[in-house]
Amino acid sequence: WMARLGLDAYRFSIAWPRILPEGSGPINAEGLDFYSRLVDKLLEQNIQPWPTLYHWDLPLALEERGGWESRDTAERFADYAEIVVSKLGDRVQNWFTLNEPWSAIVLGYQTGQHAPGKTLSTQEALGVSHNLFLAHGQALERIRSLRKEHKVGIVLNPWIPLPLTRAEEDLEAARKAWNEQVAWWFDPVFAGKYPDQTTVPGIREGDMDLISQPLDHLGLNMYFPGFVRASKSEGSGYEDYG
């Protein structure tokens, strides 16, 4: 069907639990073989495979050991990336490490809408997102150590906040929203730092250099813009106006 449509590339997500059911340790060969067959079929139709290594499906065993609240999960992700690249890297040239870290952290650890369904404070969520960015950096480093010629990127989904009016309080609200919805996710990857006046727990020496290694491509999932205005609630800087 894709070939009949004239597609020349296909981005798909590899499920970490299908490769390492326990998050680390024994490899599920059947899981790896499934993706190997998929890659072969795509190439037979002259469709380039673009795998994404993480699309929010964390192995349960790792969640039980702290999930993305644990720095160790980033190291386990790099091990998983190495296994996948070692198996598919002779045919796959382009990789994405993470799909939409915003969705994984905000929906999974702040609003509780996605797994693991937690409602952490903004400060706590920043620490969790740092571990996810570390996973990106460590996986990127591991892939390039195996295949220097391979291209690696990340997929981000910025929500673009626009001020509802030109009033200074709405402009300031849009600036605050920009920091949370855009800069929080782009600055560590492309500038090697978090937005100004943002204190992130758990940062160690060398972390930001690892996270901000140059990328070969960037995926953008742009769903919609949104208008914001100054919040009428005490202690909140802005509110979504739709």
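Source: prediction; values computed, not measured.

With respect to the nonpolar core
Within soluble globular proteins, side chains that are nonpolar generally end up buried alongside one another.
Then, in step 1: Formed by 54 residues in total, the largest nonpolar core has its most connected members in Trp16, Trp68, Phe77 and Tyr80.
Then, in step 2: Considering each element in turn, this core owes the most residues, ten residues, to helix H7 (residues 122-146).
Then, in step 3: If sequence neighbours within four positions are ignored, Trp16 has contacts with Gly23, Tyr54, Asp57, Leu58, Pro59, Leu62, Trp68, Thr73, Arg76, Phe77 and Tyr80.
Then, in step 4: The next biggest cluster of nonpolar side chains, apart from the first, holds six residues, and it includes Trp159, Ala173, Ala177 and Tyr238.

Examining the pairing of strand E5 (residues 160-163)
Then, in step 1: Only one face of E5 is buried, namely the one carrying Pro161 and Pro163, since none of Ile160 and Leu162 on the opposite face is buried.
Then, in step 2: Note that E5 and strand E7 (residues 225-229) share four bridges and pair parallel. By the bridge assignment for E7, Leu162 is matched with Phe227.

Considering the pattern of salt bridges
Then, in step 1: This model, assessed by the stated rule, comprises 19 salt bridges.
Then, in step 2: The salt bridge involving Asp72 is made with Arg76; its shortest N-O contact spans 2.6 Å. You can see Asp72 and its partner Arg76 sitting in helix H5 (residues 72-88), four residues apart, about one turn around the helix.
Then, in step 3: We note a salt bridge from Glu172 to Arg175, for which the minimum N-O separation is 3.0 Å. Residue Glu172 and its partner Arg175 are located together in helix H8 (residues 168-190), separated by three residues, close to a single helical turn.
Then, in step 4: On the accessibility criterion, Glu172 (43% relative accessible area) is partly exposed.
Then, in step 5: Here Arg175 falls in the partly exposed class, since its relative accessible area comes to 42%.
Then, in step 6: Each of the salt bridges in this network shares a partner with another, and the network as a whole consists of Asp72, Glu75, Arg76, Asp79, Glu82 and Arg142.

Considering the packing of H5 against H7
Then, in step 1: As a packed pair, H5 and H7 sit with axes 8 Å apart at the nearest point and diverge in direction by 35 degrees. Here H5 runs over H7; the crossing is right-handed. Residue-level contacts link Ala74, Glu75, Phe77, Ala78, Asp79, Ala81, Glu82, Val85 and Ser86 of H5 to Asn131, Leu134, Ala135, Gln138, Ala139, Arg142, Ile143 and Leu146 of H7.
Then, in step 2: Here the contact of H5 with H7 is built from residues that sort into ten nonpolar, three polar and four charged.

What to know about unusual backbone geometry
Then, in step 1: With an omega of 10 degrees, the peptide bond running from Ala115 to Pro116 counts as cis.
Then, in step 2: The backbone of Asn46 sits at a positive phi, close to 60 degrees, despite the residue not being glycine.
Then, in step 3: Position of Asn46 relative to the elements: it lies in the loop between helix H3 (29-44) and strand E2 (48-54).
Then, in step 4: For Glu100, which is not glycine, the phi torsion reads 50 degrees and is therefore positive.
Then, in step 5: Checked against the element boundaries, Glu100 lands in the loop between strand E3 (94-99) and helix H6 (101-110).

What about the packing of aromatic side chains?
Then, in step 1: By the definition in use, this model includes 15 aromatic pairs.
Then, in step 2: When the centroid spacing of 6.5 Å and the interplanar angle of 65 degrees are considered together, the rings of Trp68 and Phe77 count as edge-to-face.
Then, in step 3: Residue Phe77 is classed as buried on the basis of its relative accessible area, which comes to 0%.
Then, in step 4: Relative to Phe190, the ring of Phe186 has its centre 6.0 Å away and its plane inclined at 25 degrees; by these criteria the two rings are stacked. In this pair, Phe186 and Phe190 both sit in helix H8, four residues apart, roughly one turn of the helix.
Then, in step 5: Ring-pair connections join several aromatic residues into one group, and the members of that group are Trp16, Tyr54, Trp68, Phe77 and Tyr80.
Then, in step 6: Above the face of the Phe96 ring, Arg11 is positioned so that its terminal group lies 5.5 Å from the ring centre.
Then, in step 7: Directly above the ring of Phe34 sits Arg18, whose terminal nitrogen or CZ lies 4.3 Å from the centroid.

Parameters and conventions
Residues numbered from 1 in each chain as written. Predicted model: local features only at pLDDT ≥ 70, side-chain atom pairs only at ≥ 80, totals over all residues. Heavy atoms only, no water. Core = buried A, V, L, I, M, F, W, Y, C linked by side-chain atoms within 4.5 Å. Buried < 20%, exposed > 50% of the residue type's maximum accessible area, 1.4 Å probe, protein only. Helix = DSSP H or I, 4+ residues; strand = E, 2+ residues; numbered from the N terminus. Contact = heavy atoms within 4.5 Å. Pairing = 2+ DSSP bridges. Salt bridge = Lys/Arg side-chain N within 4 Å of Asp/Glu carboxyl O. Axes fitted to C-alpha atoms, helices over the stretch in contact; angles between N-to-C directions. Left-handed = near helix turned anticlockwise from the far one by under 90°. Nonpolar A, V, L, I, M, F, W, Y, C, P; charged D, E, K, R; others polar. Phe/Tyr/Trp six-rings, centres within 6.5 Å; stacked < 30°, edge-to-face > 60°. Lys NZ or Arg CZ within 6 Å of the ring centre and 35° of its normal.

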